[in-house]
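Structural features, examined
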Amino acid sequence: RGVGEKSLSNELALDWASELTLENVDDHTFLTKFYKNPRDVSLQTQLYCLLTRTRQVPGFKQQDIFSKARVSDFMLQKDRLFAQVTLNNEEYDLYDQLYSYMTVDIPTPDLLIYLQAPVNTLMKRIKKRGRSFEKYINSEYLERLNSMYLKFFNNYNASPLLIVNAEDIDFVNNEIDYKNLIEKIYSIDKGKH
C-alpha cells in the first residue's frame, strides 16, 4: 500500500503497449470494515482477495509467443503474505488449504519488481492519496506487512527479481527516475538485483 505499484504498472504498460491487470481496491466489499477493525472481517477480506485475484490470473497465461506482454500491480503470492499478517492460526490453516488448491498452476512472471519504502513514507503517501477506506490504516499493520514482504523476497528465486527502494523515487513525475528503472529492467537476465 502506498509504495507506487499501481503508478509504475500503468507507466510500464503504456510504455510497452502491454496488457494491464490491476487489483481493484475501490470495489472491495470488506476493506473499510477491515481497516476499522481487522479482526471482525479478516477471514472474509482475505477470501474475497483470493477469489478476486485468482479470477484474474488465468488472463496472465500467454497463449503463444506473439501475445502481448502483461503488466500487473500485484502477484498472487501477496495474498498469502497478507493472510499471514491478518489471520489467526485456525483461519490461516483454512485459507492456506484454499490458496493451495486455487493456485496450483499460477504462471511465473518473467520479472518481479519489489517496490519498498519505509513505513513513515507509506503512511504519508496513503494520507496524501486520500482514499476514505485507507484512513484507518495504521503503522503497526504496515510494519508487519513490510516484515512479511522482506522475508518472502529474501527467499524468492522463482524468477528474476528487482528490488527498488522507492522512498525517494517518482516514476510518474520524474523522467530520469523512470528512465533509470527501465535501463535496469532491460539489463536483468536472472537472479536478484
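Look above for the structure.
Residues numbered from 1 in each chain as written. Predicted model: local features only at pLDDT ≥ 70, side-chain atom pairs only at ≥ 80, totals over all residues. Heavy atoms only, no water.

Pairing between side chains of opposite charge can happen when the charged atoms of each approach one another. The tally for this structure, following the rule as stated, stands at eight salt bridges. For Arg39, the salt bridge goes to Glu91, with nearest N and O atoms at 2.9 Å. Note that Arg39 is positioned in helix H3 (residues 38-56) and Glu91 in helix H5 (residues 89-102), a separation of 52 residues in sequence. Residue classification places Glu91 among the buried positions, given a relative accessible area of 16%. Arg80 is paired through a salt bridge with Asp96; the nearest N and O atoms lie 2.4 Å apart. Pair noted here: Arg80 is in helix H4 (residues 77-86) and Asp96 is in helix H5, with a separation of 16 residues, a long-range link. According to the relative accessible area criterion, Arg80 is partly exposed, its value standing at 24%. Through salt bridges with shared partners, a single network forms among Glu23, Arg53, Lys78 and Asp79. (Salt bridge = Lys/Arg side-chain N within 4 Å of Asp/Glu carboxyl O. Helix = DSSP H or I, 4+ residues; strand = E, 2+ residues; numbered from the N terminus. Buried < 20%, exposed > 50% of the residue type's maximum accessible area, 1.4 Å probe, protein only.)

Applying the stated criterion to the full structure yields twelve aromatic pairs. Arranged with centres 6.3 Å apart and planes meeting at 85°, the rings of Phe82 and Tyr149 form a pair that is edge-to-face. Here Phe82, found in helix H4, pairs with Tyr149, found in helix H7 (residues 139-154); they are 67 residues apart in sequence, far enough to count as distant. Each member of the pair, Phe82 together with Tyr149, is buried. A cation over a ring is seen here: Arg53 above Phe74, with NZ or CZ 5.6 Å from the ring centre. (Phe/Tyr/Trp six-rings, centres within 6.5 Å; stacked < 30°, edge-to-face > 60°. Lys NZ or Arg CZ within 6 Å of the ring centre and 35° of its normal.)

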